[in-house]
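Now for the letters of each chain:
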Amino acid sequence: MLDVGDSAPDFTGTDCQGRAFSLSAMRGKRLVLFFFPKAFTIACTEETRHFRDNHERLRALGAELVGVSVDTVKTQCAFAEKEDIHFPLLGDEQRTISKAYDVLWPVLNVDRRVTYIIDPQGRIETVIRHEVRVYKHLDDVLRYLTEHPLPATGS
C-alpha cells in the first residue's frame, strides 16, 4: 500500500455528470480520496453518508472529496442519486485506480476501506485505514485537516 510521502498515482475516471475527473487536474488542491468496497452495502452507505453530510465542512477545511469503488459508473451514479451525493464518485470496474493505490483485497477483488489525503503537490499526506469502524474515516480526516491546515496563500 502507498505510504506518507509517496507520489499519488495519477488516474482518470468519469463522474456521474459524465465529466472527466483526474488527479492531475486537482494539482494545487488538497484531496480526500476514499476507497470503499461496494455501493449500496450497509457499511459503505453509512461511510458515504458521513462524507456527504460533511462535504462542505471538508471544503471549508481546504479539501476536495472523491470516492472510488470497483462498481460500474452506472452503479455509482445510481448510488449517488439515491444518497444525494454531490461530490465525484468514480466507478473503477477495471480496477485500474484500485490497483494503482494497492487497495484491492486479494481474494475478494473489492477495495479495502482506505482513505488517502493528498497534498496540493500530489504527495500522500496521510493514510487512514479502518475496515469495520466506518465512521472513523471521517473522524480521522476531520482531525487531520484541522490539525494540519494548509498554509494561507497571499496575493
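Since the model is a prediction, treat every value here as computed from it, not as a measurement.

Peer 1: How should I be thinking about the sheet that holds strand E3 (residues 30-35) in this particular structure?
Peer 2: Sheets are built from strands paired through backbone hydrogen bonds, the pairs being either parallel or antiparallel. What the five strands build is an open sheet, ordered E5-E4-E3-E6-E7; its pairing is mixed. Every other strand in the sheet has two partners, leaving strand E5 (89-91) and strand E7 (124-129) as the edge strands with one partner each. Averaged over all pairs of adjacent strands, the angle between their axes in this sheet comes to 20°, without regard to strand direction. Summarising the sheet, E3 and strand E4 (residues 63-69) pair through six bridges and their orientation is parallel. The residue bridging Leu 31 from the neighbouring strand is Glu 64, located in E4. Its contacts with the sheet place helix H1 (residues 42-53) against E3, E4 and strand E6 (114-118), and it is angled at close to 160° to E3.

Peer 1: What is the right way to look at a nonpolar patch on the surface in this model?
Peer 2: A grouping of Trp 105, Val 107 and Leu 108 is seen on the molecular surface, where their side chains present a nonpolar patch of about 340 Å² in accessible area. For Leu 108, the location among the structural elements is in the loop between helix H4 (96-100) and E6. Residue Leu 108 is classed as exposed on the basis of its relative accessible area of 60%.

Peer 1: Teacher, can you tell me more about the layout of surface pockets here?
Peer 2: Empty pockets left among the atoms are what a rolling probe the size of a water molecule brings to light. The computed volume of the largest pocket comes to approximately 160 Å³. Among the elements that take part in the lining of the largest pocket, helix H3 (residues 73-83) stands out by supplying three residues, more than any other. Split into classes, the residues belonging to the lining of the largest pocket amount to seven nonpolar, two polar and three charged.

Peer 1: Can you help me understand the pattern of salt bridges in this one?
Peer 2: Side chains that carry opposite charge are capable of pairing whenever their charged atoms lie near each other. Under the defined criterion, the tally for this structure stands at ten salt bridges. Asp 15 serves as the salt-bridge partner of Arg 19, at 3.0 Å between the closest nitrogen and oxygen. The class for Arg 19 is partly exposed, based on a relative accessible area of 48%.

Peer 1: Explain empty space enclosed by the protein here, please?
Peer 2: As enumerated under the stated definition, the model contains one cavity of 30 Å³ or more in all. Volume-wise, the largest cavity comes out at about 30 Å³. If you trace the largest cavity, you find it lined by Leu 23, Met 26, Arg 27, Gly 28, Lys 29, Ile 118, Asp 119, Pro 120 and Gly 122. Taken together, the residues of the lining of the largest cavity sort by class into four nonpolar, two polar and three charged.

Peer 1: What am I meant to see in the packing of aromatic side chains here?
Peer 2: Note on aromatic pairs: each is described by the distance of the centres and the angle between the planes. On inspection of all chains with the given rule, the structure shows ten aromatic pairs. Arranged with centres 4.3 Å apart and planes meeting at 20°, the rings of Phe 34 and Phe 51 form a pair that is stacked. Placement of Phe 34 in strand E3 and of Phe 51 in helix H1 is noted, with a sequence separation of 17 residues between them. As far as burial versus exposure is concerned, Phe 34 and Phe 51 are alike and both buried. Between the aromatic rings of Phe 36 and Phe 79, the centroid separation amounts to 6.1 Å while the plane-to-plane angle is 40°, which identifies the pairing as tilted. Taken together, the residues span a long stretch of sequence, with Phe 36 in the loop between E3 and H1 and Phe 79 in helix H3 at a distance of 43 residues. The residues Phe 36 and Phe 79 share a single accessibility class, namely buried.

Rules used throughout
- Residues numbered from 1 in each chain as written.
- Predicted model: local features only at pLDDT ≥ 70, side-chain atom pairs only at ≥ 80, totals over all residues.
- Heavy atoms only, no water.
- Pairing = 2+ DSSP bridges.
- Helix = DSSP H or I, 4+ residues; strand = E, 2+ residues; numbered from the N terminus.
- Axes fitted to C-alpha atoms, helices over the stretch in contact; angles between N-to-C directions.
- Contact = heavy atoms within 4.5 Å.
- Patch = residues over 30% accessible without salt bridge, like charges linked within 9 Å, V, L, I, M, F, W, Y side chains within 5 Å.
- Areas by Shrake-Rupley, 256 points an atom, 1.4 Å probe, with all protein chains shown as cover.
- Salt bridge = Lys/Arg side-chain N within 4 Å of Asp/Glu carboxyl O.
- Buried < 20%, exposed > 50% of the residue type's maximum accessible area, 1.4 Å probe, protein only.
- 1 Å grid on protein atoms, 1.4 Å probe; cavity = no way out; pocket = protein on both sides within 12 Å on 5 of 7 lines; lining within 4 Å.
- Points joined across faces, edges and corners; volume = space filled by probe spheres on them.
- Nonpolar A, V, L, I, M, F, W, Y, C, P; charged D, E, K, R; others polar.
- Phe/Tyr/Trp six-rings, centres within 6.5 Å; stacked < 30°, edge-to-face > 60°.

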